[in-house]
Amino acid sequence: MAINFKLTEWRGIRDDADDPMERSWVGWDERLSVQELFDQNRGLWRLSTRAAGEEIATFSYDGEIKIVASIEGIEQYPFRDSSRPPKSAIIGTVIEDGPIWQALIGQPVDNHRNPVTYLPDPGELVRVCACGCGEQPSGRNRWISGHDQRALHERIAEQWGDSLGF
């Protein structure tokens, strides 16, 4: 499973706000780097015990996954006002390439109100070529270029001997 954090538009945090991470802003701003966005938005979230078992974090904006990160841990941030329960922040590393990033980046996310939701296992989303070669096609393709033709010819040969017999 992966955990998704829904980001709002960029907004500043008041100087007098009780932010244990001492951030000056949170939210999405397309002009900023993925690393800057992750650093500012990795917390403060209300997480259940379920989050402890997650390995991947995604951050979405406007219904689409924009950031993918590995989760290396979760840390607690208590508020100065001890009557408020602590919130959590992800400790992790931004992923900007590879099969998990390719499977998740740009994917739509649910439109539930909850800002923290859980996605299917990213490993299940990693597509491999439909011919069975094990390679990963680009984008939303199901085949590596040319592999569909090769698979078709193999099936014809298996069933009828060759294309002429077909």
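A brief structural summary. Source: prediction; values computed, not measured.

**Observations concerning the overall build of the chain**
Each helix and strand in the chain was counted, giving four helices and eight strands. For the chain, the sequential pattern of α-helices and β-strands runs β-β-β-α-β-β-β-β-α-β-α-α. Against the globule reference of 15 Å for 166 residues, the chain gives a C-alpha radius of gyration of 22 Å, more extended than a compact globule. Across its three principal axes, the chain shows a C-alpha extent of roughly 80 × 35 × 25 Å. Per-residue burial over the chain gives 37% buried out of 166 residues. Counting only contacts in the chain whose residues sit at least 6 apart along the sequence, the fraction spanning at least 24 positions is 52%. Of note, the chain has its 18 positive side-chain charges centred 7 Å away from the centre of its 27 negative side-chain charges.

**A closer look at helix 1 (residues 34-41)**
All of the buried residues along helix 1 are Leu 37, Phe 38, Gln 40 and Asn 41. Check the buried side of helix 1 and you find it contacts strand 1 (2-7), strand 3 (25-26), strand 4 (43-45), strand 5 (56-61), strand 6 (64-77) and strand 7 (87-95).

**Some remarks on the packing of aromatic side chains**
Within this structure, the stated rule accounts for five aromatic pairs. Ring geometry for Phe 5 against Trp 45: centres 4.8 Å apart, planes inclined by 40 degrees, an arrangement best described as tilted. Taken together, the residues span a long stretch of sequence, with Phe 5 in strand 1 and Trp 45 in strand 4 at a distance of 40 residues. Comparing Phe 5 with Trp 45, the two get one shared label, buried. A centroid spacing of 6.2 Å and a plane angle of 25 degrees characterise the contact between Trp 10 and Trp 25, whose relative ring orientation is stacked. Taken together, the residues Trp 10 in the loop between strand 1 and strand 2 (11-12) and Trp 25 in strand 3 connect sequence positions 15 residues apart. Feature note: the residues Phe 5, Phe 38, Trp 45 and Phe 59 constitute an aromatic cluster, connected by ring pairs. Between the NZ or CZ atom of Arg 50 and the centre of the ring of Tyr 118, over which it lies, the distance is 3.9 Å.

**Description of the pairing of strand 5**
Most of strand 5 is tucked away: six of the six residues are buried. Taking every second residue as pointing to the same face, both faces of strand 5 are buried, with Ile 56, Thr 58 and Ser 60 on one and Ala 57, Phe 59 and Tyr 61 on the other. As paired elements, strand 5 and strand 6 share six bridges and run antiparallel to each other. Bridge pairing in strand 6 links Ala 57 to Ala 69. A loop of two residues connects strand 5 with strand 6, the two strands running antiparallel in sequence, and Asp 62 in this loop sits at a positive phi of about 55 degrees.

**Overview of helix 4 (residues 147-160)**
A rise of 1.5 Å per residue sets the reference length of helix 4, with its 14 residues, at 20 Å; its end C-alpha atoms lie 20 Å apart and thus fit the reference within 8%. Just downstream of helix 4, Gly 161 is the residue with a positive phi angle, here 95 degrees.

**Things to note about the nonpolar core**
The biggest cluster of nonpolar side chains holds 20 residues, and the ones touching the most others in it are Ile 3, Phe 5, Leu 47 and Phe 59. Those elements that provide at least two residues to this core are strand 1, helix 1, strand 5, strand 6, strand 7 and strand 8 (116-119). With residues up to four places along the chain from it excluded, the contact list for Phe 5 reads Trp 45, Leu 47, Ala 57, Thr 58, Phe 59, Ser 60, Ile 90, Pro 115 and Val 116.

About the cut-offs
- Residues numbered from 1 in each chain as written.
- Predicted model: local features only at pLDDT ≥ 70, side-chain atom pairs only at ≥ 80, totals over all residues.
- Heavy atoms only, no water.
- Helix = DSSP H or I, 4+ residues; strand = E, 2+ residues; numbered from the N terminus.
- Rg over C-alpha atoms; globule rule 2.2 N^0.38 Å.
- Buried < 20%, exposed > 50% of the residue type's maximum accessible area, 1.4 Å probe, protein only.
- Contact = heavy atoms within 4.5 Å.
- Lys, Arg positive; Asp, Glu negative; His and termini not counted.
- Charge placed at Lys NZ, Arg CZ, Asp CG, Glu CD.
- Phe/Tyr/Trp six-rings, centres within 6.5 Å; stacked < 30°, edge-to-face > 60°.
- Lys NZ or Arg CZ within 6 Å of the ring centre and 35° of its normal.
- Pairing = 2+ DSSP bridges.
- Expected span 1.5 Å × (residues − 1).
- Core = buried A, V, L, I, M, F, W, Y, C linked by side-chain atoms within 4.5 Å.

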